[in-house]
Amino acid sequence: ALSVEQTINLIESIPNEKLSSDEKEQLEGKLSKLGTEKEKSKVWDKTQSVLKWIADKGVEVGIAVLPYIVEMLKNAK
């Protein structure tokens, strides 16, 4: 299973030209909130918001974050 810490390390490795420090912090906060949800409908609601945000940031951000999001969706009850 992919942990939020591993995902944050991937986010931190994204060059600042692609994702600023502030944006990295925002994304890490969004993922942390997502990681605390267990109810499937709430996980999905938060996931949609995160996906929209990621879509504006580009492929490199998606590659770093999408495996974690998929993991959260699979584990939601």
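Residues numbered from 1 in each chain as written. Predicted model: local features only at pLDDT ≥ 70, side-chain atom pairs only at ≥ 80, totals over all residues. Heavy atoms only, no water.

Peer 1: Can you lay out the environment of K42 for me, pointing to particular residues and giving the numbers?
Peer 2: Mapped onto the elements, K42 comes out in helix 3 (residues 40-57). Along the sequence, K42 and A76 sit 34 residues apart, while their C-alpha atoms lie 9.0 Å from each other. (Helix = DSSP H or I, 4+ residues; strand = E, 2+ residues; numbered from the N terminus.)

Peer 1: Describe the pattern of salt bridges, and please don't skip the residues or the numbers.
Peer 2: By the definition in use, this model includes 2 salt bridges. Between E23 and K57 there is a salt bridge, with its nearest N and O atoms 3.0 Å apart. Separated by 34 residues along the polypeptide, E23 in helix 2 (residues 21-36) and K57 in helix 3 bring together distant segments of the chain. Residues E37 and K46 are paired through a salt bridge, measuring 3.0 Å at the closest nitrogen-oxygen approach. For K46, a relative accessible area of 29% corresponds to the partly exposed category. (Salt bridge = Lys/Arg side-chain N within 4 Å of Asp/Glu carboxyl O. Buried < 20%, exposed > 50% of the residue type's maximum accessible area, 1.4 Å probe, protein only.)

Peer 1: Give a detailed account of a nonpolar patch on the surface, specifying residues and quantitative values.
Peer 2: A grouping of W44, L51 and L66 is seen on the molecular surface, where their side chains present a nonpolar patch of about 250 Å² in accessible area. Since its relative accessible area comes to 40%, W44 is described here as partly exposed. (Patch = residues over 30% accessible without salt bridge, like charges linked within 9 Å, V, L, I, M, F, W, Y side chains within 5 Å. Areas by Shrake-Rupley, 256 points an atom, 1.4 Å probe, with all protein chains shown as cover.)

Peer 1: Could you give an account of the nonpolar core, with specific residues and numbers?
Peer 2: One finds L19, L27, L31, I54, V61, V65 and I69 to be the most contacted residues of the largest nonpolar core, which totals 18 residues. Of all the secondary structure elements, the ones that give two or more residues to this core are helix 1 (4-12), helix 2, helix 3 and helix 4 (59-75). No other element matches the 6 residues that helix 4 contributes to this core. (Core = buried A, V, L, I, M, F, W, Y, C linked by side-chain atoms within 4.5 Å.)

Peer 1: Account for the side chain of E71, with residues named and values stated.
Peer 2: Here E71 lies in helix 4. For the buried E71, which has no salt bridge, the nearest side chain bearing the opposite charge is K74, at an N-O separation of 4.5 Å. (Lys, Arg positive; Asp, Glu negative; His and termini not counted.)

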